Amino acid sequence: MSIHYVARSGDNLQRIARRFRVNVTSLLAANGQLFDHDYVLPGQILHIPVCPDRHYVVQEEDSYPAIAYSFEVSEERLIAANPGTSAVRPQAGQVLSIPEREGGLWMESSLAYGYEELLLDLSRWQSLYPCMHQSTIGKSVLDRKLPSVQLGSGSRRVHIHASMHANEWITTSLLMRFIDDLAAAAHATSLYRGTDIQALLQQVSLYAVPMVNPDGVELVLCGVHPSHPYYEKLSAWNNGSRQFQQWKANIHGVDLNDQFPANWETERARRSPQGPAPRDYTGEAPLCEPEAQALANWTEQMNFHCVLSLHTQGEEIYWNYRSYEPEEAEALANRLAAVSFYRAVKLTGSDAGYKDWFIQQFRRCGFTVECGFGVNPLPAEQFPAMYERVSALLLEALKAAAE
Ligand SMILES: [Zn+2]
C-alpha cells in the first residue's frame, strides 16, 4: 500500500524518506522509475510506501540490548517506551513499541547533510545547550544566512569551518557531530576522549561556521529546475549536465577557496577556468563573493588564535604558506597528524585559499585538513571512520590552543 506525494522545491530522496519515516531503499522500490543518484523534480509524483507503526514482536532469545541495537535506539529509551514490561528481559511473543531515533541528523545512516538539516540541528541545540551561542556571519548569494556557533568562554579563540566546497558537505556533518559531542560533554560535566571539556572550554572558545557554501551544497543535493534563479547559467557552466555531484563552487560558479587576498592574481593566472565553472574559478576580484567576504570580515574582527578549514580530499594536513607561517606551525601539524594518522604536508604552488590568507595576514597557525579519500561526495559509510580521525585532530588543536 502506498500514498501519493507531489515533490516540491528543495526535496531530494533522503529528505522525502526522512519526512515519511521510510528509508531510501523502500522509496526506490515503490518508484521503479527512480535511481538512487536521481534528483527529484518539483511537481513529480512519488509513491510513498506506508510505514507501519514502529512495533516489534519479541523473538525467543531476544534481549533489550539486541533489539535496541537493531533499531538504533538506546536501551533506556526502549524500556521507557514500554512501561509495564519486565525491565530485565522481554517475553517472547510480546509486542514492543520502538521509539523514534534521536540525536543529530548527521547520525542517520542515509546521510545527505544539507542546509535544511543544518538548520534543524541548530534549532534542536537551542533548547538543548544553553551554554552555546548561535549567530550569523553574513549571507550567501541566494540570501541564506551563514550560521556560526560559539562554544566556551576561553580567551584563546579557535575557528573551524566546513563545506566551503559544495560537494564536500560531509565535512559539515563531521563538524556538527564534533560540536555536539563537545557540548554534550560540557553540559554533563563528563569526559570526551579522556579530556575534561568544561575545563578546556574555560581556556579556549570554539567558533564554528559549519556551512560556508550553503547554495552550492543545496545544488549538489537537489540539482536545479527552471524555477531556480540561476537555472540557465548553471546548466551552461556545468557543460549541459544536470548532475552536480562534481560541483565545488558557490552558486556564481566561483571557487570560494580561491577568493582570498593572498597572491590572488598568481592563483588566477595559474588556474584554468576564466569564467564561472564547477571548480577552480577565482572570480573577478578577491572577496567578490558574499560568502568569502563574510568569512574574511568576521575573521578580521575575531582575533583567532588558530583556524582550521575542513575539506575532503587526501587525508592530509596543509600547514604552511610561502614561509609566512609561525615557527610552531610545523610541530603543531605533526602533532595533529600523530593523533589523526593524516599526513602533514608542506605545500607549494597554491595561493588565495582561506588558510593562506589567514597565515599571511595574521602570522598565526592556519590549517587545511583534507579529511577523506575517494570520489566526492564521499559515501556515508566513510563517516564513522572519518569522524574518529577528525575528532581526534580537532580536539588536539583545541588542547594545543589552551597551552
Ligand atoms: Zn575542498
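Nothing here was measured: the structure is a model prediction, and the numbers come from that model. (Residues numbered from 1 in each chain as written. Predicted model: local features only at pLDDT ≥ 70, side-chain atom pairs only at ≥ 80, totals over all residues. Heavy atoms only, no water.)

Draft legend 1. Quick look at the overall build of the chain. Per the secondary structure count, the chain includes 14 helices and 14 strands. Here the C-alpha atoms of the chain give a radius of gyration of 23 Å, agreeing with the 22 Å that 2.2 N^0.38 yields for 403 residues. With respect to the principal axes defined by its C-alpha atoms, the chain has extents near 70 × 50 × 35 Å. For the chain, the proportion of its 403 residues judged to be buried stands at 52%. For the chain, the computed accessible surface area is about 17900 Å², with 51% contributed by carbon and sulfur atoms. (Helix = DSSP H or I, 4+ residues; strand = E, 2+ residues; numbered from the N terminus. Rg over C-alpha atoms; globule rule 2.2 N^0.38 Å. Buried < 20%, exposed > 50% of the residue type's maximum accessible area, 1.4 Å probe, protein only. Areas by Shrake-Rupley, 256 points an atom, 1.4 Å probe, with all protein chains shown as cover.)

Draft legend 2. The coordination of the zinc ion, seen in detail. Distances from the zinc ion to its protein donors, His-165 (ND1), Glu-168 (OE), Glu-168 (OE) and His-311 (ND1), fall at 2.0 to 2.5 Å. With four donor atoms in place around the zinc ion and angles of 54 to 144° between them, the coordination shape is irregular. Read in sequence order, the donor residues coordinating the zinc ion give the pattern H-x2-E-x142-H. In this structure, His-165 and Glu-168 share a single accessibility class: buried. (Donors = N, O, S within 2.8 Å, 3.2 Å for Na, K, Ca; no water. Tetrahedral: all angles 85-135°; square planar, octahedral: opposite > 155°, others 65-115°.)

Draft legend 3. Quick peek at the sheet that holds strand E13 (residues 343-345). With respect to topology, eight strands assemble into an open sheet ordered E5-E6-E10-E7-E11-E14-E12-E13, the strand pairing being mixed. Strands at the two margins of the open sheet, each flanked by one partner only, are strand E5 (133-139) and E13. Averaged over all pairs of adjacent strands, the angle between their axes in this sheet comes to 25°, without regard to strand direction. Across five bridges, the pairing between E5 and strand E6 (residues 145-151) is antiparallel. If you follow His-133 over to E6, its bridge partner there is Gln-150. The strands touched by helix H11 (residues 290-302) are E5, E6, strand E7 (156-161) and strand E10 (204-209); relative to E5, the strand with the most contacts, the crossing angle is about 130°. (Pairing = 2+ DSSP bridges. Axes fitted to C-alpha atoms, helices over the stretch in contact; angles between N-to-C directions. Contact = heavy atoms within 4.5 Å.)

Draft legend 4. Highlighting H11. The terminal C-alpha atoms of H11 lie 18 Å apart, and with 13 residues this matches the ideal 18 Å at 1.5 Å per residue to within 8%. Those residues of H11 lying buried are Glu-291, Ala-292, Ala-294, Leu-295, Ala-296, Trp-298, Thr-299 and Met-302. Those residues of H11 that are buried lie in contact with E5, E6, E7, E10, helix H8 (214-222) and helix H13 (354-362). A positive backbone phi angle near 55° is found at Asn-303, which sits one or two residues after H11. (Expected span 1.5 Å × (residues − 1).)

Draft legend 5. Region of interest: the packing of aromatic side chains. In total, this model carries 15 aromatic pairs according to the counting rule given. Consider the rings of Phe-244 and Trp-247, whose centres lie 5.7 Å apart with planes at 65°: the pair is edge-to-face. Overall, the relative accessible area of 0% leaves Trp-247 in the buried class. Members of the aromatic cluster, each reached through a chain of ring pairs, are Phe-260, Tyr-354, Trp-357, Phe-358 and Phe-362. (Phe/Tyr/Trp six-rings, centres within 6.5 Å; stacked < 30°, edge-to-face > 60°.)

Draft legend 6. Here's a closer look at unusual backbone geometry. Phi at Asp-143 is positive, roughly 70°, even though this residue is not glycine. Along the chain, Asp-143 turns up in the loop between E5 and E6. The exposure class of Asp-143 is exposed, given its relative accessible area of 51%. Positive phi, normally seen in glycine, also occurs at Asn-239, with a value near 55°. If you trace the backbone, Asn-239 turns up in the loop between helix H9 (231-237) and helix H10 (264-270).

Draft legend 7. Region of interest: the packing of H11 against H13. One way to put it is that H11 packs onto H13 with a least axis distance of 12 Å and a crossing angle of 30°. As judged from the angle between their axes, H11 and H13 are roughly parallel. Both H11 and H13 take part in a crossing whose hand is right-handed. Listed contacts from H13 to Leu-295, Ala-296, Thr-299 and Glu-300 of H11 are Tyr-354, Trp-357, Phe-358, Gln-361 and Phe-362. Of the residues contributing to the contact of H11 with H13, the split by class is six nonpolar, two polar and one charged. (Parallel < 35°, antiparallel > 145°, perpendicular 65-115°, else oblique. Left-handed = near helix turned anticlockwise from the far one by under 90°. Nonpolar A, V, L, I, M, F, W, Y, C, P; charged D, E, K, R; others polar.)

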